[in-house]
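# Tertiary structure, described
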Amino acid sequence: MTSIEVDTPHGPARAELHCAEEGRAALLLGHGAGGGVHAPDLVAATRAATDAGVHVALVEQPYRVAGRRAPAPAKQLDAAWLAVAEDLGERWFADLPLIFGGRSSGARVACRTAEAGEAQAVLCLAFPLHPPGKPEKSRAAEIDAVENPVLVVQGERDAFGRPEPAHHREVVLVAGDHSLKADVEAVHRATSEWLAKVVRLLD
């Protein structure tokens with residue numbers, strides 16, 4: 001594991017790199033609004049990816065690196081994420097296809113930036129489809145805009161709702177709520193199976 005700082009338009013971000021033996025692709029994973037990169041589902045996804053021959057970068061947004069708890073506005077999150085993706089794509093993952101992903105807020109960032117960052121696929125852990133109790137405030141447009149393969153791993157009792165499956169979007173329900181802590185092995189298994197298919201397509 002290697003930890004590096006990356007300059008972004010909104011201050012330094014941090015990337016924790018977990019390298020696979022083969023390195024057939026690279027997966028960038030972002031954290032939730034109030035959490036860090038060591039959330040149980042992100043750890044499970046990291047393990048699944050490296051086992052599948054995919055490098056992982058756990059990306060810590062500048063507001064977290066600076067010690068702030070309140071997340072930055074969406075435009076700042078997206079700009080910082082794209083700066084990290086560009087830097088890592090040049091310095092660490094040259095010529096490798098990139099997969100974007102994250103949990104909750106990080107999944108939204110991954111979806112919003114997928115096209116601009118040329119992500120070949122997107123992994124969404126606990127995508128927050130709407131604020132709890134406010135289904136009318138849907139964020140479906142963010143995930144619907146992704147045209148490449150998408151995996152959504154969602155807790156069956158997630159108060160933030162869940163996206164529907166689509167022709168290029170797989171939705172796997174696991175036990176538990178928005179935290180995805182109840183069955184991390186199910187998160188690992190779903191991520192492993194999906195990444196194996198994605199990597200075959202990319203090869």
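Preceding this section is the structure that the text describes.
To keep things clear, this report deals only with the structure shown in the data block.

About the cut-offs
- Residues numbered from 1 in each chain as written.
- Predicted model: local features only at pLDDT ≥ 70, side-chain atom pairs only at ≥ 80, totals over all residues.
- Heavy atoms only, no water.
- Disulfide = S-S within 2.5 Å.
- Helix = DSSP H or I, 4+ residues; strand = E, 2+ residues; numbered from the N terminus.
- Buried < 20%, exposed > 50% of the residue type's maximum accessible area, 1.4 Å probe, protein only.
- Polar contact = N/O pair within 3.5 Å; in protein donor to acceptor, adjacent residues only side chain to side chain.
- Pairing = 2+ DSSP bridges.
- Expected span 1.5 Å × (residues − 1).
- Contact = heavy atoms within 4.5 Å.
- Salt bridge = Lys/Arg side-chain N within 4 Å of Asp/Glu carboxyl O.

Now for the state of the cysteines. Applying the stated criterion across every chain, the model contains zero disulfides. For the unlinked cysteine Cys111, the closest cysteine sulfur is that of Cys124, found at 3.6 Å.

In this model, Glu118 sits at a positive phi of 55 degrees, which is unusual for a non-glycine residue. Within the element layout of this structure, Glu118 appears in the loop between helix H4 (105-113) and strand S6 (121-125). One non-glycine residue with positive phi stands out, namely Ala126, at about 55 degrees.

As for its placement among the helices and strands, His168 is situated in the loop between strand S7 (150-155) and strand S8 (169-174). On the basis of relative accessibility, which here comes to 19%, the residue His168 falls in the buried class. Of note is the side chain of His168, whose polar atom sits 2.6 Å from the backbone oxygen of Val146.

Turning to the pairing of strand S1 (residues 2-6), a few remarks are in order. Pairing between S1 and strand S2 (residues 13-18): five bridges, direction antiparallel. Its bridge partner lying in S2, Ser3 is registered against Glu16. From the end of S1 to the start of S2, which pair antiparallel, there are six residues, and Gly11 there has a positive phi angle of about 105 degrees.

Right, let's talk about helix H6 (residues 184-202) for a bit. Helix length check: H6 (19 residues) gives 26 Å between terminal C-alpha atoms against 27 Å at 1.5 Å per residue, within 8%. Along H6, the residues classified as buried are Ala186, Val187, His188, Ala190, Thr191, Trp194, Leu195, Val198 and Val199. Elements in contact with the buried residues of H6: helix H1 (40-51), strand S4 (54-60), strand S5 (98-103), S6, S7 and S8.

Here we take up the side chain of Gln61. For Gln61, the position within the fold is in the loop between S4 and helix H2 (62-65). You can call Gln61 buried: its relative accessible area is 7%. A polar side-chain atom of Gln61 sits 3.1 Å from the main-chain carbonyl oxygen of Leu77.

With that settled, the discussion passes to the pattern of salt bridges. Tallied over the full model, the rule gives ten salt bridges. The partner of Arg14 in a salt bridge is Glu60, and the shortest N-O contact between them spans 2.8 Å. A residue pair is termed long-range when its members are at least 10 positions apart, and Arg14 in strand S2 and Glu60 in strand S4 qualify at 46 residues. You can call Arg14 partly exposed: its relative accessible area is 28%. Residue Arg103 pairs with Asp41 through a salt bridge whose shortest N-O separation is 2.4 Å. With Arg103 in strand S5 and Asp41 in helix H1, the pair connects residues that are 62 residues apart, well separated along the chain. Connected via shared salt-bridge partners are Asp78, Arg108, Arg112 and Glu142.

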